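Here's the letter readout for the chains.
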Amino acid sequence: MNVTISPSSVAGTARAPPSKSYTHRAILAAGYADGATVRDALWSADTRATARAVGLFGGDVDRGDDGRLEIDGFDGRPDVPADVIDCANSGTTMRLVTAAAALADGTTVLTGDESLRSRPQGPLLEALADLGATAVSTRGNGQAPLVVTGPLSGGEVSIPGDVSSQYITALLMAGAVTDEGISIDLETELKSAPYVDITLEVLDDFGVDARHTEDGFAVDGGQSYAPTGGEYAVPGDFSSISYPLAAGAIAADGEGIRIEGAHPSAQGDTAIVEIVERMGADVDWDRESGTIDVAAAPLAGIEVDVEDTPDLLPTIATLGAVADGDTKITNAEHVRYKETDRVSAMAEALGKMGVETTEERDSLTVHGGDSTLEGATVSGRDDHRIIMALALAGLAADGETTIEGADHVDVSFPGFFDLLEEVGVALERRA
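Scoring rules and cut-offs
- Residue numbers restart at each chain and count upward from 1, following the sequence in its written direction.
- For this predicted model, a pLDDT threshold of at least 70 governs which residues receive local features, and a threshold of 80 or more governs which side-chain atom pairs are given and counted, while totals over whole chains, interfaces and linings are taken from all residues.
- Working from all heavy atoms in the structure, the side-chain values ignore hydrogens and water.
- When DSSP finds two or more bridges between a pair of strands, those strands are recorded as paired.
- In DSSP terms, a helix is any run of H or I states spanning at least four residues, a strand is any run of E spanning at least two, and both are numbered starting from the N terminus.
- Here an angle of 0 to 180 degrees is reported between the N-to-C directions of two axes, which are lines fitted to C-alpha atoms, with helices fitted over the stretch in contact.
- In what follows, residue pairs with any heavy atoms lying within 4.5 Å of each other are defined as contacts.
- Any angle that falls under 35 degrees is termed roughly parallel, while one over 145 is termed roughly antiparallel, one within 65 to 115 roughly perpendicular, and all others oblique.
- Gly is placed with the polar residues, together with every amino acid not listed as nonpolar (Ala, Val, Leu, Ile, Met, Phe, Trp, Tyr, Cys and Pro) or charged (Asp, Glu, Lys and Arg).
- Exposure above 30% relative accessible area and no salt bridge define the residues that can form patches, which grow by joining like charges within 9 Å and nonpolar side chains of Val, Leu, Ile, Met, Phe, Trp and Tyr within 5 Å.
- Each accessible area is a Shrake-Rupley result for a 1.4 Å probe, and residues are judged covered by the shown protein chains and nothing else.
- Salt bridge, as used here: a side-chain nitrogen of Lys or Arg that lies within 4 Å of a carboxyl oxygen of Asp or Glu.
- The charge count includes Lys and Arg as positive and Asp and Glu as negative, but it does not include His or the ends of the chains.
- For the purpose of locating charges, the reference atoms are NZ of Lys, CZ of Arg, CG of Asp and CD of Glu.
- For a crossover, the right-handed case is the one in which the path from the first strand over the helix to the second runs clockwise, viewed with the strands pointing away from the viewer.
- The definition of a nonpolar core used throughout is a set of buried Ala, Val, Leu, Ile, Met, Phe, Trp, Tyr and Cys residues joined through side-chain atoms within 4.5 Å.
- Relative accessible area decides the class of each residue, using a 1.4 Å probe on protein chains only: under 20% of the type maximum gives buried, over 50% gives exposed, and in between gives partly exposed.
- Polar contacts, as used here, are pairs of N or O atoms within 3.5 Å; protein pairs need one atom able to donate a hydrogen and one able to accept it. Residues neighboring in sequence count only if both atoms are side-chain atoms.
- Note: crossing handedness is left-handed where the near helix turns anticlockwise from the far helix by less than a right angle, and right-handed where it turns clockwise.
- Each Phe, Tyr or Trp ring (for Trp, its six-membered ring) is paired with any other whose centre lies within 6.5 Å, and the angle between the two planes then decides the class: stacked below 30 degrees, edge-to-face above 60, tilted in between.

## Considerations on the sheet that holds strand 22 (residues 377–379)
Across the sheet, four strands lie side by side as 22-23-1-24; this open sheet has mixed pairing. Unpaired on one side and paired on the other, strand 22 and strand 24 (427–430) mark the two borders of the sheet. Averaged over all neighbouring strand pairs, the angle between strand axes comes to 20 degrees, with direction disregarded. As paired elements, strand 1 (residues 2–5) and strand 23 (residues 401–404) share three bridges and run antiparallel to each other. Bridge pairing links Ile-5 to Thr-401 in strand 23. Against the sheet, helix 11 (residues 384–396) engages strand 1, strand 22 and strand 23, with an angle of about 170 degrees to strand 23.

Dropping the structure here:
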């Protein structure tokens, strides 16, 4: 599907979708349990991949008419899957499920789409091998397809922290049900640290004790997953909140946009509220009620470090394109290893729209003051966050902006274009 965005003003109320990061962890945590109900879950292409994996491990995920997920778990000991686990485009699924597969007494094969098969898994495979499992890349390059044979015994392991925080999440979740537990020593500084904080929060909500240590993280073995009252509720997603928030900062008309479902949590992407405010937008976040009100104002470029918030880079780049002056996004090298190289993807797409950028290995500078944002046909790169960020750019561009492959928003925000229409964006979808 291609979507054409016409320059538009926005106003009204937008509801934040549930958090993808929390949903992934909650579905798998309920799988590790005897069972649980997960409320307010995001049901998207990525989270469905995690649900399929739970089913292949011997559990069952049933989505009711009210959106609740009733999950029968595999109680800490996954079956050997009867089929290959297809993680589709979901990097979170592959990392978390690879560690779960190492608990099975047998061999599991995992793969994904072309994009996922290019993403690094090597450090996690090496860690699992050090903990007693056999974990290899079929091509010997540290990328999927992966073959994992358990069972995992647990113990102490070292792993780099600057490739993906999901490795640490995967080991902590699996380690709780091993006999020995797992102690993780970080070889390098941890990038995207708030995502491990999310993991610790979810584990605590499921009755599992995991913790920071002087050298990294640790989780004791022999634990059981069991949320209080058998239920867990997923909070709103601040990665997704970044899009209506930025839309309001760029193009809000009159009273602006109110975003609901924005309750505080461990998500690092809550930083987007401060970022938009620093750039000059009128922002009011009522944390108790979980609402954010945002109105447009002249924006000014700033410097933003995305070491802990890599998913915000596309949104910040678009804000920089409409801001006066330079917006420099730093500590961004790990953003190149997402669904696509998001640093280059945003530089290329914004360049087609008339925006000057400077791309370095670890940074992206958007020269908004030296640019005139113009409508163009741009590729979404099969990446949900690139697509949504470019749609925001279309609100302020001179002329129409067509985004190719826009249906990939289903990965994290299936109702994204519906939401844009509800707040007044003129757009056209073409198959």
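## Here's the deal with the packing of helix 1 (residues 20–32) against helix 2 (residues 45–56)
The N-to-C vectors of helix 1 and helix 2 enclose an angle of 10 degrees; their axes lie 9 Å apart at closest approach. Classified by the interaxial angle, the pair formed by helix 1 and helix 2 is roughly parallel. Residue-level contacts link Lys-20, Thr-23, His-24, Ile-27, Leu-28 and Gly-31 of helix 1 to Asp-46, Thr-47, Thr-50, Ala-51 and Val-54 of helix 2. In terms of residue class, the contact of helix 1 with helix 2 is made up of four nonpolar, five polar and two charged.

## Some details on a negative patch on the surface
Residues Asp-34, Asp-60, Asp-62, Glu-70, Asp-72 and Asp-75 make up a contiguous surface patch of negative charge. Elements supplying a minimum of two residues to the negative patch: strand 4 (60–63) and strand 5 (69–72). With respect to the secondary-structure elements, Asp-60 resides in strand 4.

## Quick look at the pairing of strand 23
Bridge analysis of strand 22 against strand 23 gives three bridges, and the strand direction is parallel. From the neighbouring strand, Thr-377 faces strand 23, where its bridge partner is Thr-402. Traced from strand 22 through helix 11 to strand 23, the parallel crossover comes out right-handed.

## A closer look at the nonpolar core
Nonpolar side chains tend toward joint burial in soluble globular proteins. In terms of nonpolar packing, the biggest core is built from 76 residues, with Ile-5, Ile-292, Leu-313, Met-346, Phe-416, Phe-417 and Leu-420 touching the most fellow members. The residues touching Ile-292, leaving out its near neighbours within four places in the chain, are Phe-238, Ile-241, Leu-245, Ile-257, Arg-258, Ile-259, Ala-262, Val-273, Val-283, Asp-284 and Trp-285. Judged by nonpolar contacts, the second largest core, of 70 residues, contains Val-61, Ala-135, Leu-152 and Ile-182.

## A word on unusual backbone geometry
Ala-144 connects to Pro-145 through a cis peptide bond whose omega is 5 degrees. Within the secondary structure, Pro-145 is located in the loop between strand 8 (134–137) and strand 9 (146–149). Along the chain, Gly-150 connects to Pro-151 via a cis peptide bond; the corresponding omega equals 10 degrees. Position of Pro-151 among the secondary structure elements: in the loop between strand 9 and strand 10 (155–159). One non-glycine residue with positive phi stands out, namely Ala-88, at about 55 degrees. For Ala-88, the position within the fold is in the loop between strand 6 (85–86) and helix 3 (91–101).

## A word on the side chain of Thr-37
Within the secondary structure layout, Thr-37 lies in strand 3 (residues 35–39). The class of Thr-37 is buried, set by a relative accessible area of 10%. Here Glu-70 takes part through its side chain, which lies 2.7 Å from a polar atom of the side chain of Thr-37. For Thr-37, the residues in contact, after removing those within four places along its chain, are Arg-68, Leu-69, Glu-70, Gly-230, Glu-231 and Tyr-232.

## With respect to the packing of helix 7 (residues 238–251) against helix 8 (residues 271–278)
Angle between the axes and distance between the axes: these two values describe a pair of packed helices. Direction vectors running N to C along helix 7 and helix 8 enclose 20 degrees, while the axes themselves pass 9 Å from each other. Accordingly, the angle class assigned to the pair helix 7 and helix 8 is roughly parallel. Along this stretch, helix 7 crosses helix 8, giving a crossing that reads as right-handed. Packed against helix 7, whose contacting residues are Phe-238, Ser-242, Leu-245 and Ala-249, the element helix 8 presents Ile-272, Val-273 and Val-276 at the interface. Looking at the contact of helix 7 with helix 8 residue by residue, the classes come out as six nonpolar, one polar and no charged.

## Observations regarding the side chain of Arg-95
By the secondary structure assignment, Arg-95 is in helix 3. From its side chain, Arg-95 meets the backbone oxygen of Pro-120 in a polar contact 2.8 Å long. In this structure, Arg-95 is in contact with Arg-119, Pro-120, Gln-121, Leu-124, Ser-164, Gln-166, Tyr-167 and Ala-170, ignoring residues within four places of it in sequence.

## Details of the packing of aromatic side chains
Taken as a whole and judged by the stated rule, the model has nine aromatic pairs. Considering the side-chain rings of Phe-206 and Tyr-232, the 5.5 Å spacing of their centres and the 40 degrees angle between planes classify their relative orientation as tilted. Taken as a pair, Phe-206 in the loop between helix 6 (193–205) and strand 12 (210–212) and Tyr-232 in strand 14 (residues 231–233) lie far apart in primary sequence, 26 residues in all. Assigned by exposure class, Phe-206 and Tyr-232 land together as buried. Between Phe-416 and Phe-417 the ring centres are 5.0 Å apart and the planes differ by 70 degrees, which places this aromatic pair in the edge-to-face class. Across this residue pair, the class does not change: Phe-416 and Phe-417 are buried. Feature note: the residues Tyr-32, Phe-57, Phe-74, Phe-206, Tyr-225 and Tyr-232 constitute an aromatic cluster, connected by ring pairs.

## A short note on the pattern of salt bridges
Taken as a whole and judged by the stated rule, the model has 22 salt bridges. The residue Glu-333 makes a salt bridge to Arg-361 at a minimum N-O spacing of 3.3 Å. With Glu-333 in the loop between strand 19 (326–330) and helix 10 (342–352) and Arg-361 in the loop between strand 20 (356–360) and strand 21 (363–367), this residue pair connects regions lying 28 residues apart in the sequence. On the accessibility criterion, Glu-333 (33% relative accessible area) is partly exposed. Take Arg-361: its relative accessible area is 47%, and that puts it in the partly exposed class. Here Glu-339 ties to Arg-342 by a salt bridge, and the two come within 2.7 Å at their closest N and O atoms. Arg-342 matches Glu-339 in its accessibility class, with the two residues each being buried. In this structure, a network of salt bridges that share partners links the residues Asp-311, Lys-338, Glu-339, Arg-342, Asp-383 and Arg-385.

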